[in-house]
Amino acid sequence: MKKILNYINGELSPSNTNTYLDNYDPSRGMVYSQIPDSDEKDVERAFKAANAAFPKWSKLPKEKRSAYLLKIAELIEENLEELSRAESKDNGKTIQLAKSVDIPRAAANFRFYGTGILHYAAHAHEMEELAINYTLRHPLGVVGCISPWNLPLYLFSWKIAPALAAGCTVVAKPSEVTPMSAFLLSEICIKAGLPPGVLNIVHGLGSKAGNAIVAHPGIKAISFTGGTKTGAHIASVAAPQFKKLSLELGGKNPNIIFADCNYEKMLSTTLHSSFSNQGQICLCGSRIFVERPIYEKFKNDFVERTSKLKVGSPESSDSKIGAVVSESHMEKILSYVELAKKEGGSVLCGGKRMILEGEFENGYYIEPTIIEGLSYDCRTNQEEIFGPVVTLTPFDTEEDVLHWANSVIYGLAASVWTENTSRAHRIANELHTGIVWVNCWMLRDLRTPFGGVKSSGVGREGGFEAFDFFTEPKNVCIKYN
Ligand code: NDP
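So, how was this worked out
Residues numbered from 1 in each chain as written. Predicted model: local features only at pLDDT ≥ 70, side-chain atom pairs only at ≥ 80, totals over all residues. Heavy atoms only, no water. Core = buried A, V, L, I, M, F, W, Y, C linked by side-chain atoms within 4.5 Å. Buried < 20%, exposed > 50% of the residue type's maximum accessible area, 1.4 Å probe, protein only. Helix = DSSP H or I, 4+ residues; strand = E, 2+ residues; numbered from the N terminus. Contact = heavy atoms within 4.5 Å. Polar contact = N/O pair within 3.5 Å; in protein donor to acceptor, adjacent residues only side chain to side chain. Pairing = 2+ DSSP bridges. Phe/Tyr/Trp six-rings, centres within 6.5 Å; stacked < 30°, edge-to-face > 60°. Lys NZ or Arg CZ within 6 Å of the ring centre and 35° of its normal.

(A) Structural view of the nonpolar core. Counting 72 residues, the largest nonpolar core has Ile72, Ile76, Phe110, Ile160, Val170, Leu199 and Leu283 as its most contacted members. Top element by residues in this core is helix α5 (residues 152-166). It accounts for 11 residues. Of all hydrophobic cores here, the second largest spans 26 residues; its members include Leu271, Phe302, Leu309 and Trp417.

(B) Spotlight on the environment of Tyr120. Locating Tyr120 in the fold gives a position in the loop between α4 (95-116) and β6 (123-127). Between the C-alpha atoms of Tyr120 and Phe467, which are 347 residues apart in sequence, the distance is 8.0 Å. Sequence-distant contacts of Tyr120, that is, excluding residues within four places in its chain, are made with Lys62, Arg137, Phe464, Phe467, Asp468 and Thr471. In this structure the side chain of Tyr120 is engaged in a polar contact, spanning 2.5 Å, whose partner is the side chain of Asp468. Of the polar contacts made by the side chain of Tyr120, one reaches the side chain of Thr471; its length is 3.5 Å.

(C) Broad picture of the sheet that holds strand β4 (residues 20-25). Pairing in this open sheet of 3 strands is mixed, and the strands run β1-β5-β4 from one edge to the other. One side of each edge strand has no neighbouring strand; the edge strands of this open sheet are β1 (2-3) and β4. Sheet topology note: the β4/strand β5 (residues 30-36) ladder contains 6 bridges and is antiparallel. Note on β5: the bridge partner recorded for Asp22 is Gln34.

(D) Spatial organisation of the packing of aromatic side chains. In the structure shown here, the tally under the stated rule is 15 aromatic pairs. Here Phe275 and Phe302 contribute two aromatic rings whose centre-to-centre distance is 6.1 Å and whose plane-to-plane angle is 15°, an arrangement assigned as stacked. Linking Phe275 in helix α9 (residues 263-275) with Phe302 in helix α10 (residues 295-307), this pair joins segments that are 27 residues apart in sequence. Taking the relative accessible area as the measure of exposure, Phe275 reaches 2% and is therefore buried. The class for Phe302 is buried, based on a relative accessible area of 0%. One aromatic cluster in this structure is built from Phe112, Tyr113, Tyr120, Trp158, Phe450, Phe464 and Phe467. Positioned above the aromatic ring of Tyr32 is the side chain of Lys89, whose terminal nitrogen or guanidinium carbon lies 5.2 Å from the ring centre. When the ring centre of Phe258 is taken as reference, the NZ or CZ atom of Arg423 above it lies at 4.1 Å.

None of the figures reported here should be taken as evidence of function without further support.
Put into structure tokens, the structure is as follows:
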């Protein structure tokens with residue numbers, strides 16, 4: 001059985017514990033590889049390597065750092081097929097999705113930050129009393145990057161690429177549930193000739209290896225994407241050490257549909273925003289609010305189109321919905337369907353585990369599920385489910401829908417569908433979220449700030465915001481005659 005290895009100081013090595021954790025293929029519900037169960041000693045070794053590499057890496061001309069990142073982007077693209085298959089097997093997402101979204105976007109992250117750093121400039125502020133301020137931006141040092149399982153390489157690279165480009169060295173941990181593409185990335189970094197210690201990848205449990213990264217006194221900042229509860233724990237460990245923190249956490253995003261929208265465009269995009277990646281994208285719109293005049297029509301069309309989405313093996317080219325990431329996650333999602341029924345909801349379609357035939361019979365498949373008849377403030381409509389489950393609610397006024405949309409503890413993203421430009425601006429302005437999409441979903445411009453408000457996180461990633469995070473500003477004020 002394939003054994004994944006840590007990537008420390010430029011080399012692939014087992015954990016000092018010499019123990020391994022099972023890694024599952026969720027499409028078959030079986031163990032197919034093993035990952036090192038690393039502990040704080042492995043993190044210490046990774047830190048030492050990163051710390052030793054920092055002086056040289058941070059002083060390397062930007063153009064040279066850029067060249068390494070572009071080489072990594074190139075190698076990701078060259079290995080698109082292998083990486084997509086690996087991501088799909090590890091996570092349960094369809095190969096098609098990995099090939100068209102996850103892996104190309106991972107390469108795009110390295111390319112974007114590899115070129116972005118060449119344009120990142122210091123600011124200067126001139127004063128009337130013959131003085132000038134200029135603000136230097138120095139890389140922080142060794143930083144920690146911790147990422148989740150839903151978009152494994154895509155989110156891992158979204159953190160690592162700006163950190164490396166900014167001149168930091170990195171100790172990173174991918175999710176224990178989906179370690180494979182990060183392991184393949186370490187092989188790519190070796191091929192790209194990335195200097196030893198610049199990037200270190202430690203595999204293992206969040207509570208052990210992840211926690212050791214967060215608690216390490218030498219690690220200057222933590223960039224974390226994951227659940228809100230884990231984010232709160234990380235903040236409680238990192239804050240007393242005054243570490244910089246970027247936390248991208250959970251969401252419960254509203255999708256607000258007005259009667260005057262471009263109906264066909266809205267319907268097909270809403271299928272994606274509801275069920276892409278089995279609904280396991282932090283940006284999925286899981287609460288769908290529909291203006292009453294089109295509610296019944298939308299409901300019928302949406303249920304019909306959803307029922308036709310093929311749930312199947314992630315390897316099959318006609319599958320639209322693959323497996324959810326793990327058995328425990330599947331149980332959690334299904335428990336929310338039961339909760340929704342108890343709360344008075346009617347399941348319009350789906351709602352059950354799906355058993356496939358043959359080698360996939362033990363896989364973790366859930367039918368895409370639509371539920372109506374729930375109040376906006378019940379638990380099903382307030383808590384993050386993170387699966388192929390959405391709720392439908394009709395609304396009559398802007399005031400009501402805004403109140404309901406903003407009623408959750410989360411504030412990551414929202415979608416609004418209307419052809420009325422004034423209304424689009426008005427609603428976008430009033431939504432308590434970090435991101436609003438009007439007449440689209442998940443349209444990403446990497447230059448824009450990405451992140452949430454309230455319990456969806458602290459700080460922003462994306463564009464120069466990420467460089468601001470991984471650097472420390474120092475203002476120099478010079479008085480002259
Ligand atoms: P978790 O919070 O469980 O885990 C995220 C990462 O943190 C994993 O690598 C995990 O390791 C690690 N971790 C867990 N406990 C600790 C700890 N005590 N100290 C340090 N690291 C730790 O999230 P999931 O992996 O379940 O991801 C799903 C969540 O991520 C959802 O809530 C989703 O909304 C959110 N998310 C947010 C995004 C955003 O941009 N806002 C984007 C994508 C997802 P291990 O896996 O080994 O436990």
